[in-house]
Amino acid sequence: MTRPSNPARQCTAKAKSTGERCGNPVVPGATICRHHGGAAAQVQRRAGLRLMEVVDPAIATLVRVMVHSPNMSEQMRAADSLLDRAGIGRSGEAAPGMDELIVVIEERLTQMENPK
Ligand SMILES: [Zn+2]
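Reading the values: rules and limits
- Residues numbered from 1 in each chain as written.
- Predicted model: local features only at pLDDT ≥ 70, side-chain atom pairs only at ≥ 80, totals over all residues.
- Heavy atoms only, no water.
- Helix = DSSP H or I, 4+ residues; strand = E, 2+ residues; numbered from the N terminus.
- Buried < 20%, exposed > 50% of the residue type's maximum accessible area, 1.4 Å probe, protein only.
- Contact = heavy atoms within 4.5 Å.
- Expected span 1.5 Å × (residues − 1).
- Arc of directions from axis to C-beta.
- Donors = N, O, S within 2.8 Å, 3.2 Å for Na, K, Ca; no water.
- Tetrahedral: all angles 85-135°; square planar, octahedral: opposite > 155°, others 65-115°.
- Axes fitted to C-alpha atoms, helices over the stretch in contact; angles between N-to-C directions.
- Left-handed = near helix turned anticlockwise from the far one by under 90°.
- Nonpolar A, V, L, I, M, F, W, Y, C, P; charged D, E, K, R; others polar.
- Patch = residues over 30% accessible without salt bridge, like charges linked within 9 Å, V, L, I, M, F, W, Y side chains within 5 Å.
- Areas by Shrake-Rupley, 256 points an atom, 1.4 Å probe, with all protein chains shown as cover.
- Salt bridge = Lys/Arg side-chain N within 4 Å of Asp/Glu carboxyl O.

Trainee: Outline the overall build of the protein, supporting the account with residue identities and numerical values.
Mentor: Assigned secondary structure in the protein consists of three helices and zero strands. Listed N to C, the secondary structure of the protein is α-α-α in terms of helices and strands. Classification of the 116 residues of the protein by burial places 20% in the buried group. For the protein, long-range pairs separated by at least 24 residues make up 5% of all intrachain contacts whose partners lie at least 6 apart in sequence.

Trainee: Please give an account of helix α2 (residues 72-85) that cites residues and values.
Mentor: Relative to the 20 Å expected for 14 residues at 1.5 Å per residue, α2 spans 20 Å between its end C-alpha atoms, a close match to the ideal helical length. When we look at burial in α2, the residues that qualify are Gln75, Ala78, Ala79, Ser81 and Leu82. An end-on view of α2 places all buried positions within 160° of arc, on one side of the element. Along α2, exposed side chains directed more than 90 degrees from the buried face belong to Met72, Met76 and Arg77. Where α2 is buried, its residues meet α1 (41-68). Two residues or fewer past α2, Gly87 is found with a positive phi of approximately 75°.

Trainee: Break down the coordination of the zinc ion for me, with residues and values.
Mentor: With distances of 2.1 to 2.4 Å, the protein atoms coordinating the zinc ion are Cys11 (SG), Cys22 (SG), Cys33 (SG) and His36 (ND1). One can describe the site at the zinc ion as tetrahedral: its four donor atoms subtend angles covering 100 to 116° at the metal. Sequence spacing of the donors to the zinc ion: C-x10-C-x10-C-x2-H. In this pair, Cys11 is assigned in the segment before α1 and Cys33 in the segment before α1, connecting sequence segments 22 residues apart. For the pair Cys11 and Cys33, a shared accessibility class is recorded, and that class is buried.

Trainee: How would you sum up the packing of α1 against α2? Please name residues and give values.
Mentor: The interhelical angle for the contact between α1 and α2, taken along N-to-C directions, is 145°, at an axis separation of 7 Å. With respect to the hand of their crossing, α1 and α2 are arranged in left-handed fashion. For the pair formed by α1 and α2, the contact residues are Ile59, Leu62, Val63, Val65, Met66 and Val67 on the first element and Glu74, Gln75, Ala78, Ala79, Ser81 and Leu82 on the second. A per-class count over the contact of α1 with α2 returns nine nonpolar, two polar and one charged.

Trainee: Provide a residue-level description of a nonpolar patch on the surface, including the pertinent values.
Mentor: Taken together, the side chains of Leu51, Val54, Val55, Ile59, Val63, Met66 and Val67 make up a nonpolar region of the molecular surface, amounting to roughly 520 Å² of accessible area. Relative to the helices and strands, Val63 is located in helix α1.

None of the figures reported here should be taken as evidence of function without further support.
Next up, the structure:
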């Protein structure tokens, strides 16, 4: 497996024999890779919570940029990023109507409230 370029995304586990740090990428939101416990249910749950803690501030920042930036291309990038993260149409796909958008948002909220 290749080492992640960002050390923060590299597993923090160390080999007992050599003391060298594991080179595997971390499970998203965790500090360890799948081989060092990242697949454990409690690790996945905490990782999910950690990620959720940053989602709201990140979305708020994107919305602020989209609404208040004086730079039109920054506004467009923020809007594109928000739609992309919501899983709503990329260029080439038909833009969803408001009714479809509401259905997608309701589905996402239901998924968040009832994780599998
Ligand atoms: Zn590891």
